[in-house]
Every structure is written in C-alpha cells, then in structure tokens.
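Working through the structure, step by step
Given next are the chains, with one letter for each unit.
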Amino acid sequence: QVQLVESGGGLVQAGGSLRLSCAASGRTFSSYAMGWFRQAPGKEREFVAGINKSGSSTRYADSVKGRFTISRDNAKNTVYLQMNSLKPEDTAVYYCAGAFQRFVVVVPTAEYDYWGQGTQVTVSS
C-alpha cells in the first residue's frame, strides 16, 4: 500500500509556471507507474501525464503536450509535474495516482490503485 501527498499548487498568472510534487510513503514506490490527473469544477477527472515505473517512458494529454513535464525520483519516492506556459483552462484540482506493478504508462483513471488528496492550481488571466 502507498500513501500519496501532493504539494506545490497555488495561484499563478497566465504564462507562469508551477512545479507540483507528489511524495509517496512506503518502500515500493518504484513498483508503481504514476500519473497526474486534474478535475475542474463541473467536469470529469482527466488524465494529464503519466510515467512508467522506471521513468523511461512518459505520455501526455494533447492539451498539455509541450508545456508540462512529468518526472520521478525513485530514490526520493517522489513524482513531479513541471507546468510551464500555464493557461486559465489549466485551473483545476490536480491529483497524483499510482498503479501497482504496471510496467507501462497507465492512462485510464480506473486502472490506478491509489490517489492523493489533490492540490489546487488556479491560473488567472
């Protein structure tokens, strides 16, 4: 079992940057494919970015490709989401999630086993 805690959210102007972190408890972090999702008010939770267990493979939603970068440090049990060139439509609660013993990048929400509590990102125009 793993517990996930997100941090780094906040209020930023359009065009700005934020770096989200997700710290995982437990000694098996490297056994999890990790992902970042977001949910805006009145909308469904959507996939933003994912990374496989080793960090060798990543995948992004078209809406963030070229602006966001997912990475992980297995020695620090942490996954990151660097968000650049932020837009007002990026405003949402951002969640990290873990999928146990998945060798590839996982996209579907239902295939993730553990979720963090979320961190709010607000981008002002």
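Attention in this report is confined to the structure presented alongside it. (Residues numbered from 1 in each chain as written. Predicted model: local features only at pLDDT ≥ 70, side-chain atom pairs only at ≥ 80, totals over all residues. Heavy atoms only, no water.)

**Considering the pattern of salt bridges**
For the structure shown, the criterion picks out five salt bridges. Each member of the salt-bridge network shares a partner with another, and the members are Arg38, Glu46, Arg67 and Asp90. (Salt bridge = Lys/Arg side-chain N within 4 Å of Asp/Glu carboxyl O.)

**Description of the state of the cysteines**
Summed over the entire model, instances satisfying the criterion amount to one disulfide. With a sulfur-sulfur separation of 1.9 Å, cysteine 22 is cross-linked through a disulfide to cysteine 96. On the sign convention where negative means left-handed, the S-S torsion of about 45° between cysteine 22 and cysteine 96 marks this disulfide as right-handed. On the criterion of sequence distance, the pair formed by cysteine 22 in strand β3 (residues 18-24) and cysteine 96 in strand β9 (residues 92-100) is long-range, its members being 74 residues apart. (Disulfide = S-S within 2.5 Å. Helix = DSSP H or I, 4+ residues; strand = E, 2+ residues; numbered from the N terminus.)

**Some points on unusual backbone geometry**
For asparagine 77, which is not a glycine, the phi torsion comes out positive at approximately 50°. Within the chain, glutamine 101 stands out as a residue other than glycine whose phi angle is a positive 55°. Within the secondary structure, glutamine 101 is located in the loop between β9 and β10 (114-115).

**What to know about the side chain of aspartate 90**
Checked against the element boundaries, aspartate 90 lands in the loop between β8 (78-83) and β9. Looking at aspartate 90, its side chain comes within polar contact range of the side chain of arginine 38, at 2.9 Å. There is a polar contact of 2.8 Å between the side chain of aspartate 90 and the side chain of arginine 67. Ignoring anything within four residues of it in the chain, the contact list for aspartate 90 reads Arg38, Arg67, Phe68, Ser85, Val121 and Val123. (Polar contact = N/O pair within 3.5 Å; in protein donor to acceptor, adjacent residues only side chain to side chain. Contact = heavy atoms within 4.5 Å.)

**Looking at the sheet that holds strand β7 (residues 68-73)**
The strand order across the open sheet formed by four strands is β1-β3-β8-β7, and the pairing between neighbours is antiparallel. Bordering the open sheet on either side are β1 (4-7) and β7, each of which pairs with just one other strand. Looking at each pair of strands side by side, their axes are set apart by 15° on average, direction ignored. The pairing of β1 with β3 spans four bridges and is classified as antiparallel. Each residue of the ladder has a partner; that of serine 7, found in β3, is serine 21. (Pairing = 2+ DSSP bridges. Axes fitted to C-alpha atoms, helices over the stretch in contact; angles between N-to-C directions.)

**Examining the packing of aromatic side chains**
Applying the stated criterion to the full structure yields six aromatic pairs. Relative to phenylalanine 47, the ring of phenylalanine 37 has its centre 5.7 Å away and its plane inclined at 80°; by these criteria the two rings are edge-to-face. Linking phenylalanine 37 in strand β4 (residues 32-39) with phenylalanine 47 in strand β5 (residues 46-51), this pair joins segments that are ten residues apart in sequence. Look at phenylalanine 47 and you get buried, because its relative accessible area is 12%. A connected cluster of aromatic rings, assembled from ring pairs, spans Phe37, Phe47, Tyr112 and Trp115. Lying over the aromatic face of tyrosine 80, arginine 19 brings its terminal NZ or CZ to 4.0 Å of the ring centre. Positioned above the aromatic ring of phenylalanine 29 is the side chain of arginine 72, whose terminal nitrogen or guanidinium carbon lies 4.5 Å from the ring centre. (Phe/Tyr/Trp six-rings, centres within 6.5 Å; stacked < 30°, edge-to-face > 60°. Buried < 20%, exposed > 50% of the residue type's maximum accessible area, 1.4 Å probe, protein only. Lys NZ or Arg CZ within 6 Å of the ring centre and 35° of its normal.)

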